[in-house]
Amino acid sequence: MRSYLGAAGAAVVLVLGGAAAPATADSPPSVGSSGFTIEDPRITESSGLAASRAHPGVYWTHNDSSDGAYIFAIDGRTGRTLARITLTGVGAPRDVEAISVGPDGNIYVGDIGDNLGGKWDHVWIYKLPEPKKLVDQTVRATQYVVKYADGPRNAESLMVHPKTGRVYIIEKGEDGGGLYEGPATLDSAATNTFRRIGDIDLWATDAAFSPDGEQLAVRGYFGGISYSWNDGKPKRQGQLHVPLQPQGESVTYTLDGRTLLYGSEGKNSSVEPVEVEGADTDASGGGGSSASGDGSDGGGGFTGKAGAVGAAVVLIAVIGIGRLVRKPRK
């Protein structure tokens, strides 16, 4: 998606942002939990973000749309690219929007965007083993054909559950969208049908599971919502404190589950950290954590179509720009 807020949107971060709770754990935080800036000039439309399991402190990202079959490994300390991975064994990407790392040691890339309003009758997921060495290389991926049981959808959020390995997709709709569950095991030789199992009350641009698999954080352009996973029946908990960014397109948890990292499209885009209040400091899980900055539904962002309007009102009031009436588009 092309940026349309730019510097004007960034100017009101302090108006919309929420205060994060201080860390209380004795263990050191994960690398990258202080945030970083993506320095690679080739990455201008970072549209997904995922913490590496094989290389703690490294984060995977990719460009939006049909940039090519590439993903990038970013150093969470410096923001520098450590490796560009070229995927083979897949067709030409159409609209790559999301990335997630599964418990099976594989990276999942979601070529799931459909800005034509559901015109494409299928989309794709690419799976590749997470490289052991972070050097520029070519890796063979497996391509999966995906269809939705209730017809084509536009989506930008793909999540792999960290315990079951099951893949989920969230529809991107101005008034919210469906949560879709994939088969227990993806099949590269058949069509994989994703079925709607719930509703997400947000114009979602990305989502991520907590490392213990008990929380689901969903972000949009102007806010976010935290859900308890509740054995696949998500229960809304509260608002996320999402920083306003030029075009907020990505979110991931750090490996320790203590921080949510929010990314944006744009050249030299920054990845902003927000601490997770009450997070379990053991990344292997056990206890749950609330992704909400304050554990309530009372603040921390704008959700749904009405939320986008609310954010526009704030922008107008603070910096005097014209009416913000169009959603981001290609």
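One structure accompanies this document, and this report is about it. Fair warning: this is a prediction, and the values are worked out from it, not measured in the lab. (Residues numbered from 1 in each chain as written. Predicted model: local features only at pLDDT ≥ 70, side-chain atom pairs only at ≥ 80, totals over all residues. Heavy atoms only, no water.)

### Considering the nonpolar core
Then comes step 1: If you look at the biggest cluster of nonpolar residues, it comprises 21 residues, and the most contacted ones within it are Trp60, Ile71, Leu87, Ile107, Val109 and Leu128.
Then comes step 2: Elements represented by at least two residues in this core include exactly β3 (58-63), β4 (70-75), β5 (81-88), β6 (98-101), β7 (106-111) and β8 (123-129).
Then comes step 3: When near neighbours in sequence (up to four residues on either side) are disregarded, Leu128 contacts Ile71, Ile85, Leu87, Asn106, Ile107, Val109, Val139, Arg140 and Ala141.
Then comes step 4: Judged by nonpolar contacts, the second largest core, of 16 residues, contains Val146, Ala155, Tyr180 and Leu186. (Core = buried A, V, L, I, M, F, W, Y, C linked by side-chain atoms within 4.5 Å. Buried < 20%, exposed > 50% of the residue type's maximum accessible area, 1.4 Å probe, protein only. Helix = DSSP H or I, 4+ residues; strand = E, 2+ residues; numbered from the N terminus. Contact = heavy atoms within 4.5 Å.)

### Here we look at the pairing of strand β13 (residues 177-181)
Sheet faces and side chains relate simply in a regular strand, where the side chains alternate between the two faces.
Then comes step 1: Among the five residues that make up β13, four are buried, leaving the element largely enclosed by the rest of the structure.
Then comes step 2: When strand β12 (residues 167-171) meets β13, the two strands line up antiparallel, connected through three bridges. Bridge pairing in β13 links Ile170 to Leu179.
Then comes step 3: Connecting β12 to the next strand, β13, in antiparallel fashion are five residues, including Gly176 with a positive phi near 100 degrees.
Then comes step 4: Relative to strand β14 (residues 191-200), β13 runs antiparallel, the two sharing five bridges. If you follow Gly177 over to β14, its bridge partner there is Ile200. (Pairing = 2+ DSSP bridges.)

This is a description of form; function is not addressed.
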